[in-house]
Amino acid sequence: MPTPTKGPRLGGGPAHERLILANLATQLFAHRSITTTQTKAKRVRPLAERLITFAKRGDLAARRKVMTIVRDKTVVHELFTEIAPAMEQRQGGYTRIVKIGNRKGDNAPMAVIELVLEPLSPKKATVAEAEAATASAAKRDSAAKDEPAEKKADTADEAAEAVKAPAEDS
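In this report, we go over the structure that sits alongside the text. The model shown is predicted, which means the values in this text are computed figures rather than measured ones.

### A word on the pattern of salt bridges
For the coordinates displayed, the defined rule picks out eight salt bridges. As a salt-bridge pair, Glu 82 and Arg 32 come within 3.0 Å of each other at their nearest N and O atoms. Highlighted residues: Glu 82 in helix α4 (residues 73-86) and Arg 32 in the loop between α1 (14-31) and β1 (33-37), separated in sequence by 50 residues. For Glu 82, a relative accessible area of 45% corresponds to the partly exposed category. Of the charged contacts, one joins Glu 114 and Arg 96 as a salt bridge, the two residues approaching to 3.0 Å between their closest N and O atoms. Within this pair, whereas Glu 114 is found in strand β3 (residues 109-115), its partner Arg 96 is found in strand β2 (residues 95-102), the two being separated by 18 residues in sequence. For Glu 114, a relative accessible area of 21% gives the class partly exposed. Where salt bridges share partners, they join Arg 32, Glu 78 and Glu 82 into one cluster.

Shown next, in the form of structure tokens:
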């Protein structure tokens, strides 16, 4: 049995908390950004990121796993066809929480949780490009080092044959 979270839960009991988080995640994927309390935003973030990771896998088992949490089929389809391909280059950090101040009625701290759909920064893209170029250059260098050794062996065999050929003629 999993250890329950310490301290007060969102809602009345654990089942209610799961429903609240599932609804928040569903709305986050449907609208790409939602405004909620900071506590709820911090609690829904790991769930949303885990669901996006499942969607990036894209297989049937992952889709079924996501469907146990997000009950709306149109939102699941949108998650797998639009959101997951946009997050393909990211290794994590699919969401962003921005604090926006307190709510007027009860002074609760509010936050906006949103999906980070912008492409990776140019700096990170350049670093990834440079790493790919370095890897391909290293591969070329190792192939070039192996190739001359083979050519030298072929040349040595040809020279030996050339020496044998005149000796056989005489």
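And the narrative resumes.
### What about α4?
Across its 14 residues, α4 extends 19 Å between first and last C-alpha, which sits within 8% of the 20 Å expected from 1.5 Å per residue. Largest kink in α4: about 40 degrees, centred on Leu 79. For α4, the set of buried residues is Val 75, Val 76, Leu 79, Phe 80, Ile 83 and Ala 84. Where α4 is buried, its residues meet α1, α2 (38-57), α3 (60-67) and β3.

### With respect to the sheet that holds β2
Pairing within the open sheet is antiparallel, and its three strands lie in the order β1-β3-β2. Whereas interior strands pair on both sides, the edge strands pair on one side only; in this sheet they are β1 and β2. The sheet shows a mean angle of 25 degrees between the axes of neighbouring strands, direction not considered.

### Describing the packing of α3 against α4
Their axes nearest at 10 Å, the elements α3 and α4 cross at an angle of 135 degrees. If you check the angle between α3 and α4, you find them oblique. In the packing of α3 onto α4, the handedness of the crossing is right-handed. Judged by residue contacts, Ala 62, Arg 63, Val 66 and Met 67 of α3 engage Lys 73, Val 76, His 77, Leu 79 and Phe 80 from α4. A class-by-class count of the residues in the contact of α3 with α4 yields six nonpolar, one polar and two charged.

### Details of the packing of aromatic side chains
Going through the model one piece at a time under the given rule, you end up with zero aromatic pairs. The ring centre of Phe 80 lies 4.3 Å from the NZ or CZ of Arg 63, which sits over that ring.

### Some points on the environment of Leu 51
You can see Leu 51 is positioned in helix α2. The sequence separation of Leu 51 and Val 66 amounts to 15 residues, and the corresponding C-alpha distance is 6.2 Å. In contact with Leu 51, not counting residues within four places along its chain, are Ala 25, Phe 29, Val 66, Ile 69, Val 70 and Leu 79.

### Things to note about the packing of α2 against α4
Running from N to C, α2 and α4 cross one another at 95 degrees; their axes reach a closest spacing of 9 Å. Our classification of the angle between α2 and α4 gives roughly perpendicular. Across from Leu 51, Ile 52, Phe 54, Ala 55 and Lys 56 in α2, the residues of α4 making contact are Leu 79, Phe 80 and Ala 84. Among the residues making up the contact of α2 with α4, the classes are represented as seven nonpolar, no polar and one charged.

### Here we look at the environment of Leu 19
With respect to the helices and strands, the residue Leu 19 is situated in helix α1. Taking the relative accessible area as the measure of exposure, Leu 19 reaches 52% and is therefore exposed. Spatially, the C-alpha atom of Leu 19 lies 8.4 Å from that of Ile 69, the residues being 50 residues apart in sequence.

The rules behind the values
Residues numbered from 1 in each chain as written. Predicted model: local features only at pLDDT ≥ 70, side-chain atom pairs only at ≥ 80, totals over all residues. Heavy atoms only, no water. Salt bridge = Lys/Arg side-chain N within 4 Å of Asp/Glu carboxyl O. Helix = DSSP H or I, 4+ residues; strand = E, 2+ residues; numbered from the N terminus. Buried < 20%, exposed > 50% of the residue type's maximum accessible area, 1.4 Å probe, protein only. Expected span 1.5 Å × (residues − 1). Bend = angle between axes of the 7 residues up to and from the residue. Contact = heavy atoms within 4.5 Å. Pairing = 2+ DSSP bridges. Axes fitted to C-alpha atoms, helices over the stretch in contact; angles between N-to-C directions. Parallel < 35°, antiparallel > 145°, perpendicular 65-115°, else oblique. Left-handed = near helix turned anticlockwise from the far one by under 90°. Nonpolar A, V, L, I, M, F, W, Y, C, P; charged D, E, K, R; others polar. Phe/Tyr/Trp six-rings, centres within 6.5 Å; stacked < 30°, edge-to-face > 60°. Lys NZ or Arg CZ within 6 Å of the ring centre and 35° of its normal.

Function cannot be inferred from these measures alone, as they are strictly geometric.
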